[in-house]
Amino acid sequence: MPPAARPPGALPVTPAQTIGPFFGHALPFPGGERIAPAGHPDTVTVHGHVRDGAGAPVPDALLEFWQAGPDGGLTGAPGSLRRDPVTGAVTGRNGVDFTGFGRVPTDADGRYALRTLPATAPAARPGAAPYLAVCVFARGLLHHLFTRVYFPGHETAHAADPLLSRLPADRARTLLARPDGPARHYRFDIHLQGAEDGSHEETVFLAFR
């Protein structure tokens, strides 16, 4: 509204903001990247980068992960987070229970790393393809994004998966982690947009209705 048309005493309109909020202050918690109980022999590491359409790293993204437990259960372990008795702030996990939930910020290079147990199928669907569910928060996103991480070694289940089986091969590959480095390490990069030169595809994101 032009100043001359604004009623006396009216406040000016606040400009639109499209680059926030930022997630580094209150949402991350100590040990958010360690879903697997401390010292568990089956721990796997999933790591990678979050990148924008130009391939540049996104340094202040936040990733949330959910997965079924080793028994296929989806309830996690409520109460496994430890809190400061005075401030109530989360001080980390108890190091014993598998929660099925992790929250990981990217670093200055857009990198993240998650340590968890191997993905399993939900108990209600034992033949389903195991996956990690991922929620992505990042600058410039008005709404968070949902995607999945599938793992090699489950080709039969992948062929029958209701999501992967409906995607063209080049799009399905954006949801597949790949072995990388030491044993039980997997690489999974998240691309918020595809590259104009075709060097990478946008990660498949899901809409829930």
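Structure shown above.
Right, let's walk through the structure included here. Within any chain, residue numbers begin from 1 and follow the written order of that chain's sequence. Local features in this predicted model are restricted to residues of pLDDT 70 or higher, and side-chain atom pairs are both shown and tallied only at a pLDDT of 80 or more, whereas totals for entire chains, interfaces and linings draw on every residue. Values reported for side chains reflect all heavy atoms of the structure, with hydrogen atoms and water molecules removed beforehand.

## Remarks on the pattern of salt bridges
Right, so step 1: Salt bridge, as used here, is a side-chain nitrogen of Lys or Arg placed within 4 Å of a carboxyl oxygen of Asp or Glu. Tallying each qualifying case throughout the model produces 5 salt bridges.
Right, so step 2: Note that arginine 34 is salt-bridged to glutamate 33, the shortest N-O span being 2.9 Å.
Right, so step 3: We call a residue buried when its accessible area falls under 20% of the maximum for its residue type, exposed when it is over 50%, and partly exposed in between, using a 1.4 Å probe and counting protein chains only. Residue arginine 34 is classed as partly exposed on the basis of its relative accessible area, which comes to 45%.
Right, so step 4: Between arginine 171 and glutamate 201 there is a salt bridge; the shortest N-O distance is 3.5 Å. In this pair, arginine 171 sits in helix α2 (residues 169–172) while glutamate 201 sits in the segment after β11 (190–191), placing the two residues 30 residues apart along the sequence. Every helix listed is a DSSP run of H or I at least four residues long, and every strand listed is a run of E at least two residues long, numbered separately from the N terminus.

## Considering the side chain of arginine 148
Right, so step 1: Counting through the fold element by element, arginine 148 comes out in strand β8 (residues 145–150).
Right, so step 2: Throughout this description, a polar contact denotes any pair of N or O atoms lying within 3.5 Å of each other; where both atoms belong to protein, one of them has to be capable of donating a hydrogen while the other can accept it, and for residues adjacent in sequence the pair is counted only when both atoms sit in side chains. Separated by 3.4 Å, the side chains of arginine 148 and tyrosine 131 make a polar contact.
Right, so step 3: A polar side-chain atom of arginine 148 sits 2.8 Å from a polar atom in the side chain of tyrosine 150.
Right, so step 4: In what follows, a contact means two residues having at least one pair of non-hydrogen atoms within 4.5 Å. When residues no more than four places from it in sequence are discounted, the contact partners of arginine 148 are Tyr131, Leu132, Leu163, Leu175, Phe188 and Leu206.

## Observations regarding the packing of aromatic side chains
Right, so step 1: Ring pairs are drawn from Phe, Tyr and Trp, using the six-membered ring of Trp, whenever the two centres fall within 6.5 Å, and their geometry is named by plane angle: stacked under 30 degrees, edge-to-face over 60, tilted for the rest. The final tally for this structure, using the stated rule, is 5 aromatic pairs.
Right, so step 2: Summarising the aromatic geometry, the rings of tyrosine 131 and tyrosine 150 are spaced 5.5 Å apart at their centres and angled 45° between planes, so their arrangement reads as tilted. Taken together, the positions of tyrosine 131 in strand β7 (residues 131–137) and tyrosine 150 in strand β8 put the pair 19 residues apart, joining distant regions of the chain. Of the two residues examined, tyrosine 131 and tyrosine 150, each falls in the buried class.
Right, so step 3: On the numbers, 5.3 Å between centres and 90° between planes, the contact of phenylalanine 146 with phenylalanine 208 is edge-to-face.

## A short note on the sheet that holds strand β5 (residues 101–105)
Right, so step 1: When DSSP finds two or more bridges between a pair of strands, those strands are recorded as paired. As summarised here, the arrangement of the 4 strands in space is β5-β2-β7-β8, forming an open sheet in which the pairing is antiparallel. Looking at the sheet topology across the chains shown, the edges are occupied by β5 and β8. When the angles between neighbouring strand axes are averaged without regard to direction, this sheet yields 25°. For helices, the axis comes from a line fit to the C-alpha atoms of the stretch in contact; other axes are also lines fit to C-alpha atoms, and the angle between any two N-to-C directions lies between 0 and 180 degrees.

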